[in-house]
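Each chain, written out:
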Amino acid sequence: MATTFRTSLLGGPGEKLEVRDVQSTQPALGQILVRNHAVALQPLDAKMLVAGYGPAASLKHPAVLGTSGAGVVEAVGEGVAGIEVGDKVVFDTKAYVEPAENRLQGTWQQLVICDARTTAKIGDTAFDQAVLINFPLQTAVAALHVFLGMGVPGSGKEEEKVLIWGAGGAVGSYAVQYAKSVGYTVVVTASPRDIERQKRLGATAVVDYKSTDVIEQLRQQGPFKYLFTASGDASSQQALAALLPDGGKFASVLPAGTDLPANVEIVYAAFSQAAQKDEHSDWRAWWYEQYLPKVLANNLVETVKFTKVEGGLASLQQANQDVFDGKVRGKLVINPQE
Ligand SMILES: NC(=O)c1ccc[n+]([C@@H]2O[C@H](COP(=O)([O-])OP(=O)(O)OC[C@H]3O[C@@H](n4cnc5c(N)ncnc54)[C@H](OP(=O)(O)O)[C@@H]3O)[C@@H](O)[C@H]2O)c1
């Protein structure tokens, strides 16, 4: 039976979001229908909405943005095992992977249909906490583990070092905690005001990324087995390349923004969407069935700061503008049911 619910539609590139009533459909084979209680705004969302960045270029309109959410399962399609009506879940959609095909499956709406395989049960974890963790932690772990080959918790060596550049943000903070949990010694760059928190998260040394001698300070801390820029800006990419005088590779959350030496490889991908791809099906199963539920159930990571924005879907436009304008520290979380 169809249910009326509110969605937030983007009518065309550069347009303002419009909140509208629409009718639900039923989940197909392998899918579930979730009543969505929390979304966390990511820089990618804001860049897509405000500046038509990345996957926004392939959208067909009207479209619903947002790729992660958390809520309660309302219906289960055929062929779904292990997830039942009433389960509390955190989930990802294909909204940013195949944006034209899945233009109405984003999470900026009250009811969302998603693939059961990209859904994790969250038990008693609050919806806010689940969405604060899933997308940026998944980005960090995909970059470090899937794309750089770091390994799983407990498999690393303390005498080997990892560098996380730009550890102040969500992806960076979670990357520090993951690398530490794997067992490596972690060196970070961050703002001086963040030193205490970075040490608590697992950093052994914290270098100010704005210091004029940042590269020299990092050279003294190295060498590094794995290098990751979680800010992804061009100067971070140049700095990481400078720390690889004999060549090598580093991962970056943003594509190459500068010329790099021929012997340095930049590893860039849509890390946050890696689990949507069948080539990563083993990783997907590990992430949603084992690792993420364990992290949530045992509070294995310290979450980033967040602000709850009142007003539900109607507040999305301004909140994303604030993220885009760099006015927000931490994440903004919105409840589409309000
Ligand atoms: N490729 C992917 O799959 C993927 C996935 C997720 C995110 N991203 C991208 O990754 C970036 C970070 O995302 P996020 O969610 O972590 O953002 P965030 O939580 O908003 O992090 C922003 C923080 O990063 C630090 N920062 C900003 N610019 C920096 C710079 N130039 N150098 C060092 N640190 C800097 C600042 O902290 P301090 O002032 O405390 O230093 C800032 O508050 C965004 O550009 C996002 O689009 C890519």
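Above this text is the structure in question.
Note that the structure is predicted; figures quoted are calculated from it, not measured.

Caption draft 1: Inspection of helix 8 (residues 316–324) at higher detail. Listing the buried residues of helix 8 in full gives Leu316, Gln317, Ala319, Asn320 and Val323. Across the axial projection of helix 8, the buried residues extend over an arc of 170°, all falling on one side. Residues of helix 8 that are buried make contact with strand 1 (4–10), strand 2 (17–23), helix 1 (43–51) and strand 15 (331–334). Trailing helix 8 by a residue or two, glycine 326 shows a phi angle of about 75°, which is positive.

Caption draft 2: Geometry of the site of the ligand. The ligand sits among 26 residues. The nearest are Ala170, Ser191, Arg193, Phe271 and Lys331. Contact distances for the ligand include 2.8 Å between an oxygen atom and a side-chain N or O atom of serine 191. Within the contact set of the ligand, a nitrogen atom lies 3.4 Å away from a side-chain nitrogen or oxygen of serine 231. Sorting the residues of the shell around the ligand by element identifies helix 1, helix 2 (127–147) and helix 3 (170–182) as the ones contributing at least two each. Broken down by class, the residue content of the shell around the ligand amounts to 14 nonpolar, seven polar and five charged. Both domains that furnish three or more residues to the shell around the ligand are identified here as domain 1 (4–121 + 305–334) and domain 2 (136–271).

Caption draft 3: Molecular detail of empty space enclosed by the protein. Across all of its chains, the model carries one cavity of 30 Å³ or more by this definition. A volume near 50 Å³ is recorded for the largest cavity. Along the walls of the largest cavity sit Val39, Ala40, Gln42, Asp45, Gly66, Thr67, Ser68, Thr107, Trp108 and Phe135, which together make up its complete lining. For the lining of the largest cavity, the class distribution of residues is four nonpolar, five polar and one charged.

Conventions used here
- Residues numbered from 1 in each chain as written.
- Predicted model: local features only at pLDDT ≥ 70, side-chain atom pairs only at ≥ 80, totals over all residues.
- Heavy atoms only, no water.
- Buried < 20%, exposed > 50% of the residue type's maximum accessible area, 1.4 Å probe, protein only.
- Helix = DSSP H or I, 4+ residues; strand = E, 2+ residues; numbered from the N terminus.
- Arc of directions from axis to C-beta.
- Contact = heavy atoms within 4.5 Å.
- Near = heavy atom within 4 Å.
- Polar contact = N/O pair within 3.5 Å; in protein donor to acceptor, adjacent residues only side chain to side chain.
- Nonpolar A, V, L, I, M, F, W, Y, C, P; charged D, E, K, R; others polar.
- Domains from an automatic or database assignment.
- 1 Å grid on protein atoms, 1.4 Å probe; cavity = no way out; pocket = protein on both sides within 12 Å on 5 of 7 lines; lining within 4 Å.
- Points joined across faces, edges and corners; volume = space filled by probe spheres on them.

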